[in-house]
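# Architecture at a glance
The residues making up each chain are set out below.
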Amino acid sequence: MHCSFSRIIPLALLAALASCSHSSVKPADITVTPLETGVDFSCRAVSAVSDQVIWASGTGNTVLRSTDGGASWQCTTPADSLSLDFRCLYAWDADNALVFSIASPALGLKTTDGGKTWKQVYYNSRKDIFLNSVHFSDAQNGVAVGDPMEGRYAVIRTLDGGETWSEASSPEGKGGMFAASNGCVQLLPSGKTVMVTGGAGSYVFIQDDADSEWTCSETPLATGDENHCDGCYGVLMLDDQHGWVAGGNYAKVDRRGNMAYTEDGGRTWSLCEEGLHGFASSVQAFPGQTTLLVASGSDGLSWSEDGGKTWTDITGKLPEGVKGYHALSAARQGENIYAAGAGGHVARISK
């Protein structure tokens, strides 16, 4: 594994991206509409299939589904589950979805009937297992990742839509990941896997395909917290070359240095935090856009219209009683971004 410190690239280089999807959308145009779930839980994962079909999951065995754009929600919690925390979630459509619980025993559960029934597709009773995120590049190919066990990060893969999972090549690592937003890993259509870590540094691990060696780059996100609460919390890659990592420290929300971007496939990273509202656990682009971004953390909400060159704090747009959101998901078949956080709060972010 090769690890090299990122050099700082001028933010002006993002102009090439900006020219590809210029937009006249301004912060004043952004709206945040609450979608009340009626369930009080810490929501750590949201998967927006479309502007109508949205799934959410988190603490207290909670898995929710909406098929009407968030106007109403159905509790689809697996009836026989233990006291589990479902922070890993992926939904294909209104009927098919997958969740993983985070800690021992780590269970993978899949439904094919909208949550009426669930079947176990993964089980791991190791004491040190701790899964953080899951992502699919298409209907069949997926990856889930977790904290190191015996010096290596946990990486499991599926080739059959989550029906079966097997241990896969994984990088050496210290520290861990943050199960804050289901955003620690992204599997791209090309087969490239991008995984972000924290706790003991702020790193991005990249595997070009499932048979390749992992490489590592260090980001300029703030580190050095004595409680190991800082680093990368979430990643968004628009393609194999362009992407962002979000992070910081959830216990020190006013610290700077919480967002970085890459234009070379993750080999190097540069800060792009001007105007960003502190800590960010998730970053997403509006569907079909390359420069319209939203970043969210437990204490605020930010917006960029220029591919992350500059940011505007839009925390004031949050519904009353909501400080921020843990997780974001851009609708794969739609126009909006969906946010989820503490107290079971879910919202639609529109432009």
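Structure's up top.
Residues numbered from 1 in each chain as written. Predicted model: local features only at pLDDT ≥ 70, side-chain atom pairs only at ≥ 80, totals over all residues. Heavy atoms only, no water.

### Looking at the packing of aromatic side chains
To keep it simple, the criterion reads: Centres within 6.5 Å are what make two rings of Phe, Tyr or Trp a pair, Trp counting through its six-membered ring; a difference in plane orientation under 30 degrees is then read as stacked, over 60 as edge-to-face, and the rest as tilted. Secondary structure follows DSSP: runs of H or I at least 4 residues long count as helices, runs of E at least 2 residues long count as strands, and numbering of each begins at the N terminus. Exposure categories follow from relative accessible area, calculated using a 1.4 Å probe and restricted to protein chains: below 20% of the type maximum is buried, above 50% is exposed, and the middle band is partly exposed.
Going through the model one piece at a time under the given rule, you end up with 11 aromatic pairs. Their ring planes at 35 degrees and their centres at 4.9 Å tell us that Y90 and F136 sit as a pair that is tilted. Linking Y90 in strand β7 (residues 86–91) with F136 in strand β11 (residues 131–136), this pair joins segments that are 46 residues apart in sequence. Look at F136 and you get buried, because its relative accessible area is 3%.

### A short note on the side chain of T37
Our working definition: Residues adjacent in sequence count toward polar contacts only when both atoms are side-chain atoms; beyond that, a polar contact is any pair of N or O atoms within 3.5 Å, and within protein one must be able to donate a hydrogen and the other to accept it. It only takes one pair of heavy atoms within 4.5 Å for two residues to be counted as in contact.
The topology assignment puts T37 in the loop between β2 (31–34) and β3 (43–48). At 3.2 Å, the side chain of T37 and the backbone nitrogen of V39 are in polar contact. When residues no more than four places from it in sequence are discounted, the contact partners of T37 are L64, W73, G344 and V346.

### Some remarks on the state of the cysteines
Formally: Cysteine sulfur atoms that pair up within 2.5 Å are treated as a disulfide.
Per the counting criterion, the structure on display carries zero disulfides. As a non-bridged cysteine, C43 has C75 as the owner of its nearest cysteine sulfur, 12 Å distant. Overall, C75 belongs to the exposed group, its relative accessible area being 58%.

### Topic: the layout of surface pockets
Over the atoms a probe the size of a water molecule is rolled, and this reveals where empty space is left. The condition that has to hold: A 1.4 Å probe that fits but cannot get out identifies a cavity on a 1 Å grid over protein atoms alone, an open set with protein on both sides within 12 Å along at least five of seven lines counts as a pocket, and a residue lines either if it has an atom within 4 Å of a point. Grid points are joined across faces, edges and corners, and a volume is the space filled by probe spheres set on the points. As a working rule, the residues Ala, Val, Leu, Ile, Met, Phe, Trp, Tyr, Cys and Pro are called nonpolar, Asp, Glu, Lys and Arg charged, and the rest polar, with Gly in that last group.
For the largest pocket, the calculated volume is near 880 Å³. Lining the largest pocket we find 40 residues, and of these H135, Q186, L236, Q284 and A330 sit closest to its centre. Listed by contribution, the elements that provide at least two residues to the lining of the largest pocket are β3, β7, β11, β15 (185–187), β19 (230–237), β23 (282–285) and β27 (327–330). When its residues are assigned to classes, the lining of the largest pocket shows 23 nonpolar, 14 polar and three charged.

Geometry only, nothing functional implied.
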